[in-house]
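Topology and contacts: notes
Next come the chains, spelled out residue by residue.
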Amino acid sequence: MYPTQEEYDAAEAKVQYDIERLHFAVCGPSGSGKSSLINSFRGLKRSDDGAADVGVVEATFNVARYPDPRKEMPYPRFIWFGPGAGTFDIPAWQYFNQQGLFIFDFIVLVYDNV
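Residues numbered from 1 in each chain as written. Predicted model: local features only at pLDDT ≥ 70, side-chain atom pairs only at ≥ 80, totals over all residues. Heavy atoms only, no water.

A contiguous nonpolar patch, built from Phe96, Ile107, Leu109 and Tyr111 and spanning about 430 Å² of accessible area, is present on the exposed surface. Mapped onto the secondary structure, Tyr111 falls in the segment after strand 4 (106-109). Tyr111 sits in the exposed class, given a relative accessible area of 61%. (Patch = residues over 30% accessible without salt bridge, like charges linked within 9 Å, V, L, I, M, F, W, Y side chains within 5 Å. Areas by Shrake-Rupley, 256 points an atom, 1.4 Å probe, with all protein chains shown as cover. Salt bridge = Lys/Arg side-chain N within 4 Å of Asp/Glu carboxyl O. Helix = DSSP H or I, 4+ residues; strand = E, 2+ residues; numbered from the N terminus. Buried < 20%, exposed > 50% of the residue type's maximum accessible area, 1.4 Å probe, protein only.)

Here is the structure:
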């Protein structure tokens, strides 16, 4: 199932898509370390201002947006996203479409053996 043009446009608006930037979605189950990985990619510790919250159990489908705070190139072009975790009750294609993952330039999958 492919997204409609309306879904594509809505996904672009939702993540504030900018053709001049690279958009990374970091996806995986709740508690797998997505936020820690996003902070690491951005050169931040969990206690730094602007760091993604770590240890928060996701319960929604909100997409958190984290621009890279570093000033030297190419980092200002990077924007990291943490889409809310899916559940086993939602088929993968439906999660892919609902979260607008088709709009991202890169998708990083994070899994843990918990």
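It is worth spelling out unusual backbone geometry at this point. With an omega of 10°, the peptide bond running from Met73 to Pro74 counts as cis. By secondary structure assignment, the location of Pro74 is in the loop between strand 2 (63-67) and strand 3 (78-83). Positioned with a positive phi, Gln16 is a non-glycine residue whose angle comes to about 55°. Positionally, Gln16 belongs in the loop between helix 1 (5-14) and strand 1 (22-27).

Turning our attention to the confidence of the model for the chain. Counting all residues, the mean pLDDT for the chain is 84, and 86% of those residues have values of 70 or more. Within the chain, the element-level pLDDT minimum falls on helix 3 (residues 92-98), averaging 76, and the maximum on strand 1, averaging 93. (pLDDT = per-residue confidence, 0-100.)

To continue, consider the nonpolar core. Nonpolar side chains in soluble globular proteins tend to be buried together. Of all hydrophobic cores here, the largest spans eleven residues; its members are Ala11, Val15, Ala25, Cys27, Ile79, Phe81, Tyr95, Leu101, Phe102, Ile103 and Phe104. Among the elements of the structure, strand 1 and strand 3 are those that each provide at least two residues to this core. If sequence neighbours within four positions are ignored, Ala11 has contacts with Gly100, Phe102 and Ile103. With eight residues, the next largest nonpolar core counts Ile38, Ala52, Tyr66 and Val110 among its residues. (Core = buried A, V, L, I, M, F, W, Y, C linked by side-chain atoms within 4.5 Å. Contact = heavy atoms within 4.5 Å.)

Take the side chain of Arg42 next. Along the polypeptide, Arg42 turns up in the loop between helix 2 (34-41) and strand 2. At 2.9 Å, the side chain of Arg42 and the backbone oxygen of Pro67 are in polar contact. Leaving out residues up to four positions away in the same chain, Arg42 has contacts with Gly50, Ala51, Ala52, Tyr66, Pro67, Asp68, Pro69, Arg70 and Trp80. (Polar contact = N/O pair within 3.5 Å; in protein donor to acceptor, adjacent residues only side chain to side chain.)

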